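# Topology and contacts: notes
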Amino acid sequence: MICFFQVPDNKMIAIEVSRQLLPDARQKLQWLFGGATCLEEKHIDGYFVGPRKEMITPWSTNAVEITQNMGISGLHRIEAFFRVEGAEAAFDPMLQALYNGLDQQLFTIERKPEPILEISDIAAYNRQEGLALNAEEIAYLEEVSNRIGRNL
């Protein structure tokens, strides 16, 4: 289950919990998040920028550990999301995602792993995928690949 806390500075904090938060835990979290309000809603409308669901941030890891030290158990992930004006908002797509609403599936990853891809020409794959590897990096990877191949 995801619980949402509205922070005064246009930020939303989403917490993945294994069970309903007890009143004492809610009070502690409201204090920890600087006077945040615990919302009863299961879905929050609007556009938000936050971490990609596939990546648990270091901030989340630290926040969960802090809550454990405060005697709050059952929290698995805590992430911050910033409200933005709309779908045109700027963000870093490598680390962040744009969300049209926050809901109970916020941290659910539905993507299946892609099959293993054997690459025989690293330079060609670099160009095809836009990896921006330089000639030295390509040579290094080719040498590592050759060494691994000899040891198999």
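Here, the structure is the one placed above.
Residues numbered from 1 in each chain as written. Predicted model: local features only at pLDDT ≥ 70, side-chain atom pairs only at ≥ 80, totals over all residues. Heavy atoms only, no water.

## Overview of the pattern of salt bridges
Evaluated as defined, the whole model comprises six salt bridges. Of the charged contacts, one joins E114 and R111 as a salt bridge, the two residues approaching to 2.6 Å between their closest N and O atoms. Judged by its relative accessible area of 60%, R111 falls in the exposed class. In this structure, the salt-bridge partner of E143 is R147, at a minimum N-O distance of 3.5 Å. Note that E143 and R147 are positioned in helix α4 (residues 135-151) at a spacing of four residues, about one turn of the helix. (Salt bridge = Lys/Arg side-chain N within 4 Å of Asp/Glu carboxyl O. Buried < 20%, exposed > 50% of the residue type's maximum accessible area, 1.4 Å probe, protein only. Helix = DSSP H or I, 4+ residues; strand = E, 2+ residues; numbered from the N terminus.)

## So, the packing of helix α3 (residues 122-129) against α4
At a minimum axis separation of 9 Å, α3 and α4 run at an interaxial angle of 130 degrees. Put simply, α3 runs oblique to α4. The handedness of the crossing between α3 and α4 comes out as right-handed. Contacts between α3 and α4 involve I122, A123 and N126 on the former and, on the latter, I138, L141 and E142. Its residues placed into classes, the contact of α3 with α4 shows four nonpolar, one polar and one charged. (Axes fitted to C-alpha atoms, helices over the stretch in contact; angles between N-to-C directions. Parallel < 35°, antiparallel > 145°, perpendicular 65-115°, else oblique. Left-handed = near helix turned anticlockwise from the far one by under 90°. Contact = heavy atoms within 4.5 Å. Nonpolar A, V, L, I, M, F, W, Y, C, P; charged D, E, K, R; others polar.)

## Describing the pairing of strand β4 (residues 44-51)
The side chains of a regular strand alternate, residue by residue, between the two faces of the sheet. The sheet contact formed by β4 and strand β6 (residues 96-102) spans six bridges and is antiparallel. If you follow Y47 over to β6, its bridge partner there is N100. (Pairing = 2+ DSSP bridges.)

## What about the side chain of N126?
Relative to the assigned elements, N126 resides in helix α3. Looking at N126, its side chain comes within polar contact range of the main-chain nitrogen of L133, at 2.9 Å. For N126, the contacting residues outside a window of four places in its chain are L131, A132, L133 and I138. (Polar contact = N/O pair within 3.5 Å; in protein donor to acceptor, adjacent residues only side chain to side chain.)

## Details of the pairing of strand β2 (residues 11-17)
The element β2 is extensively covered by neighbouring structure, given that six of its seven residues are classed as buried. Summarising the sheet, strand β1 (residues 2-7) and β2 pair through six bridges and their orientation is antiparallel. In the sheet register, I2 faces β2, and the bridge partner there is E16. Between β1 and β2, which pair antiparallel one after the other, the connecting turn spans three residues, and N10 there sits at a positive phi close to 65 degrees.

## Focus: the sheet that holds β2
As summarised here, the arrangement of the six strands in space is β3-β1-β2-β5-β4-β6, forming an open sheet in which the pairing is antiparallel. Either end of the sheet is taken by a strand with one partner, and the two such strands are β3 (37-39) and β6. With strand direction ignored, the average angle separating the axes of adjacent strands in the sheet is 35 degrees. Pairing geometry for β4 and strand β5 (residues 75-84), over three bridges, is antiparallel.

## Re the packing of aromatic side chains
The full count for this structure, using the stated rule, is three aromatic pairs. With centroids separated by 5.5 Å and ring planes inclined at 70 degrees, the aromatic side chains of F5 and F33 adopt a geometry described as edge-to-face. A residue pair is termed long-range when its members are at least 10 positions apart, and F5 in strand β1 and F33 in the loop between α1 (23-32) and β3 qualify at 28 residues. Of the residues examined, F33 reaches a relative accessible area of 9% and is grouped as buried. (Phe/Tyr/Trp six-rings, centres within 6.5 Å; stacked < 30°, edge-to-face > 60°.)

## Comments concerning α3
Each α-helix turn comprises 3.6 residues. Residues three or four places apart therefore point the same way. Residues I122, A123 and N126 constitute the buried set of α3. Considered in projection along α3, the buried side chains sweep an arc of 105 degrees and stay on one side of the axis. Turned more than 90 degrees off the buried face of α3, the exposed positions are R127 and Q128. If you follow the buried residues of α3, they end up packed against α4. (Arc of directions from axis to C-beta.)

Keep in mind these values describe shape, not function.
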